[in-house]
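Each chain is listed here by its residues.
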Amino acid sequence: MKIGTCSFPESIDPIASYEAAISERSDNAEPNTSKRAKRSVAVHTKFWKPGRILKIAMYDEDQKTIDKVKSIASKWIEYANLKFEFVSGAEGDIRIKIEQTQYGDSYSYLGTDALTRPPEKETMQIGLPLEDDEFEFSVLHEFGHALGLAHEHQHPDADIPWDREKVYAWYKEEFNLERDQVDRDVLPLPRNTNYTYGDYDSLSIMHYDIDSRLTINNWSHPGGSTLSRKDLEVVSKIYPHGTPYIPHSLIELLNKIKAPFTGSSN
Ligand SMILES: [Zn+2]
């Protein structure tokens, strides 16, 4: 793919984001239960409830476009316990606008953040036409965000030898992004001790191409162009099949009840 052109939307109300995530799925509150993470508005996952049917609206797109997006997006849920229902018109949990943008950039709200978006606004934009070579990549990548996944190249273990000043200059020149947007969408994010991270997956569809013009010593790395084995593994773990969805609060309660019989006190 080309150098990364996906930007997260700004100005999400953190309280609304938290409330939407928790009322969708209570264990979004505590992504790292093993470390007894403190509950915090700023730290929560944004996954949908397993087994859910996500309604996907594509406004007045023609059938050819709808079919194309449907066949691409469905790759994500081959092993995951989610269903996509493509609906006509503008009423969906996820609303996709396909429109060539000035910089060919795309975006999607992260998981349940889509629920905080006014119903008349799209939650995802694909900034490329159907015929573009990057269209499939773009749809897969943005659907990854829509399922709650972040950028893999920003994983704290990614260790990419970025030349930060070149990165800032490139993104300003090519996409008119300010430094803080580059920090948010491109450069590595500090490890957040409240999160559980999966192993770094350089083949992930959520990983940008790393172009040698933006690194030290011409280091480069081709990003994913299709879903990696791990991408599929990750979503099948987040949205598991076979087991009924049990709210985290209920699991905690069951563990408490069980504790006196299973724990060793001395
Ligand atoms: Zn992205």
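Residues numbered from 1 in each chain as written. Predicted model: local features only at pLDDT ≥ 70, side-chain atom pairs only at ≥ 80, totals over all residues. Heavy atoms only, no water.

(A) Region of the structure containing the nonpolar core. Ranked by internal contacts, the top residues of the largest apolar core, which has 39 residues, are Val 69, Trp 76, Phe 84, Ile 96, Phe 143 and Tyr 239. Of all the secondary-structure elements, those providing two or more residues to this core are strand S1 (53–57), helix H2 (63–73), strand S2 (83–87), strand S3 (94–98), strand S5 (124–126), helix H3 (135–146) and helix H6 (229–238). The biggest single contributor to this core is H3, with six residues. In this view, Tyr 239 contacts Arg 25, Phe 47, Trp 48, Pro 50, Ala 80, Asn 81, Leu 82 and Leu 147; residues no more than four positions away in its chain are not counted. (Core = buried A, V, L, I, M, F, W, Y, C linked by side-chain atoms within 4.5 Å. Buried < 20%, exposed > 50% of the residue type's maximum accessible area, 1.4 Å probe, protein only. Helix = DSSP H or I, 4+ residues; strand = E, 2+ residues; numbered from the N terminus. Contact = heavy atoms within 4.5 Å.)

(B) Structural context of the coordination of the zinc ion. Around the zinc ion, the donor atoms from the protein are Cys 6 (SG), His 141 (NE2), His 145 (NE2) and His 151 (NE2), and they sit 2.0 to 2.2 Å away. What the four donor atoms of the zinc ion show is an angle range of 99 to 126° at the metal, which sorts the shape as tetrahedral. Counting residues between consecutive donors of the zinc ion along the chain gives the motif C-x134-H-x3-H-x5-H. Pair noted here: Cys 6 is in the segment before helix H1 (14–24) and His 141 is in helix H3, with a separation of 135 residues, a long-range link. A relative accessible area of 6% places Cys 6 in the buried class. (Donors = N, O, S within 2.8 Å, 3.2 Å for Na, K, Ca; no water. Tetrahedral: all angles 85-135°; square planar, octahedral: opposite > 155°, others 65-115°.)

(C) Molecular detail of H2. Listed in full, the buried residues belonging to H2 are Thr 65, Ile 66, Val 69, Ile 72 and Ala 73. Along H2, the residues classed as buried sweep out an arc of 135° about the axis, all on the same side. Projecting away from the buried face of H2 at angles above 90 degrees are the exposed residues Gln 63 and Lys 64. On its buried face, H2 is in contact with S2, S3 and H3. In this structure Asp 62 caps H2, since a side-chain oxygen of it lies 3.2 Å from the backbone nitrogen of Lys 64. (Arc of directions from axis to C-beta. Polar contact = N/O pair within 3.5 Å; in protein donor to acceptor, adjacent residues only side chain to side chain.)

(D) Just the pattern of salt bridges, in detail. The final tally for this structure, using the stated rule, is 15 salt bridges. Across the salt bridge formed by Arg 25 and Asp 27, the nearest N and O atoms sit 2.8 Å from each other. Measuring nitrogen to oxygen at the nearest pair gives 3.9 Å for the salt bridge that ties Glu 99 to Lys 97. Overlapping salt bridges bring together Glu 24, Arg 52 and Asp 93 as one network. (Salt bridge = Lys/Arg side-chain N within 4 Å of Asp/Glu carboxyl O.)

(E) Layout of the side chain of Asn 81. Along the chain, Asn 81 falls in the loop between H2 and S2. Residue classification places Asn 81 among the buried residues on the basis of a relative accessible area of 18%. A polar side-chain atom of Asn 81 sits 3.2 Å from the main-chain carbonyl oxygen of Pro 240. Ignoring anything within four residues of it in the chain, the contact list for Asn 81 reads Pro 50, Gly 51, Arg 52, Tyr 239, Pro 240 and His 241.

(F) Quick peek at unusual backbone geometry. Phi at Asp 159 takes a positive value of approximately 55°, unusual for a residue other than glycine. Locating Asp 159 in the fold gives a position in the loop between H3 and helix H4 (164–175). With relative accessibility at 70%, the residue Asp 159 sits in the exposed group. At Asn 217, a position not held by glycine, the phi torsion is positive, near 60°. Here Asn 217 is to be found in the loop between helix H5 (179–185) and H6. For Asn 217, a relative accessible area of 72% corresponds to the exposed category.

(G) Representation of the confidence of the model for the chain within the structure. When pLDDT is averaged along the chain, the result is 85, and 85% of the positions lie at 70 or above. The low-confidence segment residues 33–42, where pLDDT is below 50, has 14 contacts with residues more than four positions distant or belonging to other chains. Within the model, pLDDT remains below 50 along residues 261–266, and this stretch shows zero contacts once partners closer than five positions in the same chain are excluded. (pLDDT = per-residue confidence, 0-100.)

(H) Seen up close, the packing of H2 against H3. Between H2 and H3, the least distance of the axes is 9 Å, while the angle of their chain directions is 60°. Regarding the angle of H2 to H3, the classification is oblique. Once H2 is placed against H3, the crossing between them reads as right-handed. For the pair formed by H2 and H3, the contact residues are Lys 68, Val 69, Ile 72 and Ala 73 on the first element and Phe 135, Glu 136, Val 139, Leu 140 and Phe 143 on the second. The residue inventory of the contact of H2 with H3, partitioned by class, reads seven nonpolar, no polar and two charged. (Axes fitted to C-alpha atoms, helices over the stretch in contact; angles between N-to-C directions. Parallel < 35°, antiparallel > 145°, perpendicular 65-115°, else oblique. Left-handed = near helix turned anticlockwise from the far one by under 90°. Nonpolar A, V, L, I, M, F, W, Y, C, P; charged D, E, K, R; others polar.)

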